[in-house]
Amino acid sequence: MKIKIFAGLAGLFLLAQLVRPAKNDATGPGPNDMAKRFQVPVAVGQVLARACYDCHSNRTAYPWYAEVQPVAWWIGRHVSEGKRHLDFTQFAAYSDKRVAEKLKEIREEVTAGEMPLASYTWLHPQAKLTPEEVKLVADWAGRLEAGLPAH
């Protein structure tokens with residue numbers, strides 16, 4: 001009986017490997033990339049690419065374990081959710097009001113240590129922000145927000 005249950009579970013696991021979510025891995029910036037509309041200093045861009053772009057852009061760098069189901073489904077859902085909240089590859093298409101809201105959220109989330117998520121930095125320790133990087137990103141977002149038209 002235990003062998004049948006194990007064989008059934010193993011079969012389901014193998015079948016699950018055939019169902020693959022679409023990858024979120026564009027090769028470069030698109031027409032609505034943040035840098036097309038706003039100045040992104042090199043240092044800020046490097047921090048965003050290292051700590052934010054996997055979940056908040058069309059440029060997700062997939063680890064090896066993203067090839068195994070159900071992990072790939074979980075990662076796909078996580079990336080979709082992240083992009084729904086903030087998508088740097090669509091940022092230039094946002095209205096001024098939405099840009100202001102997102103810049104404020106970036107400042108608040110980074111300063112509070114809410115972003116990047118602890119569950120992400122646990123597996124990607126290079127994404128942890130130093131206090132200097134937090135200040136760099138928060139100050140940059142604040143300057144951009146201050147330069148926007150009143151809404």
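Not measured: the values here are computed from a predicted model.

S.K.: I tried to follow the side chain of E133 on my own but got confused; where do I start?
M.R.: On the secondary structure map, E133 appears in helix α8 (residues 131–146). E133 gets classed as buried once you look at its relative accessible area, which sits at 17%. Within the structure, E133 has its side chain in polar contact with the side chain of R50 (distance 2.9 Å). For E133, the contacting residues outside a window of four places in its chain are V47, R50 and K128.

S.K.: How should I be thinking about the packing of helix α3 (residues 42–51) against α8 in this particular structure?
M.R.: When two helices pack together, their arrangement is captured by the angle between the axes and the distance separating the axes. With their axes 10 Å apart at the nearest point, α3 and α8 run at an angle of 110° to one another. Viewed along their axes, α3 and α8 adopt a mutual orientation that is roughly perpendicular. Residue-level inspection shows A43, V44, V47, L48 and R50 of α3 in contact with α8, the latter providing E133, L136, V137 and W140. In terms of residue class, the contact of α3 with α8 is made up of seven nonpolar, no polar and two charged.

S.K.: Please explain the layout of surface pockets as it appears in this structure.
M.R.: The gaps left among the atoms become clear once a water-sized probe is rolled over them. Taken as a whole, the largest pocket holds about 430 Å³ of empty space. Every residue lining the largest pocket is counted, 23 residues in all, and those nearest its centre are H56, G82, L86, E109 and M115. Among the elements of the structure, α3, α4 (53–56), α5 (71–85) and α6 (96–111) are those that each provide at least two residues to the lining of the largest pocket. Considering every element that reaches the lining of the largest pocket, the biggest residue donor is α6, with five residues. Its residues placed into classes, the lining of the largest pocket shows 14 nonpolar, four polar and five charged.

S.K.: How do you make sense of the packing of aromatic side chains when you look at a structure like this?
M.R.: Taken as a whole, this structure holds four aromatic pairs when the rule is applied. Between F38 and F91, the aromatic rings sit 5.8 Å apart at their centres with planes inclined by 70°, giving edge-to-face as the arrangement. Taken together, the positions of F38 in the loop between α2 (34–37) and α3 and F91 in the loop between α5 and α6 put the pair 53 residues apart, joining distant regions of the chain. Each of the two residues, F38 as well as F91, counts as buried. Here the aromatic rings of F91 and Y94 are separated by 5.1 Å at their centres, their planes lie at 50°, and the arrangement is tilted. Y94 carries the same exposure label as F91, and that label is buried.

S.K.: So what exactly am I meant to see when it comes to the nonpolar core here?
M.R.: For soluble globular proteins, the rule of thumb is that nonpolar side chains tend to be buried together. Judged by nonpolar contacts, the single largest core of 26 residues is most densely connected at F88, F91, L103 and I106. Secondary structure elements with two or more residues in this core: α3, α4, α6 and α8.

Parameters at a glance
- Residues numbered from 1 in each chain as written.
- Predicted model: local features only at pLDDT ≥ 70, side-chain atom pairs only at ≥ 80, totals over all residues.
- Heavy atoms only, no water.
- Helix = DSSP H or I, 4+ residues; strand = E, 2+ residues; numbered from the N terminus.
- Buried < 20%, exposed > 50% of the residue type's maximum accessible area, 1.4 Å probe, protein only.
- Polar contact = N/O pair within 3.5 Å; in protein donor to acceptor, adjacent residues only side chain to side chain.
- Contact = heavy atoms within 4.5 Å.
- Axes fitted to C-alpha atoms, helices over the stretch in contact; angles between N-to-C directions.
- Parallel < 35°, antiparallel > 145°, perpendicular 65-115°, else oblique.
- Nonpolar A, V, L, I, M, F, W, Y, C, P; charged D, E, K, R; others polar.
- 1 Å grid on protein atoms, 1.4 Å probe; cavity = no way out; pocket = protein on both sides within 12 Å on 5 of 7 lines; lining within 4 Å.
- Points joined across faces, edges and corners; volume = space filled by probe spheres on them.
- Phe/Tyr/Trp six-rings, centres within 6.5 Å; stacked < 30°, edge-to-face > 60°.
- Core = buried A, V, L, I, M, F, W, Y, C linked by side-chain atoms within 4.5 Å.

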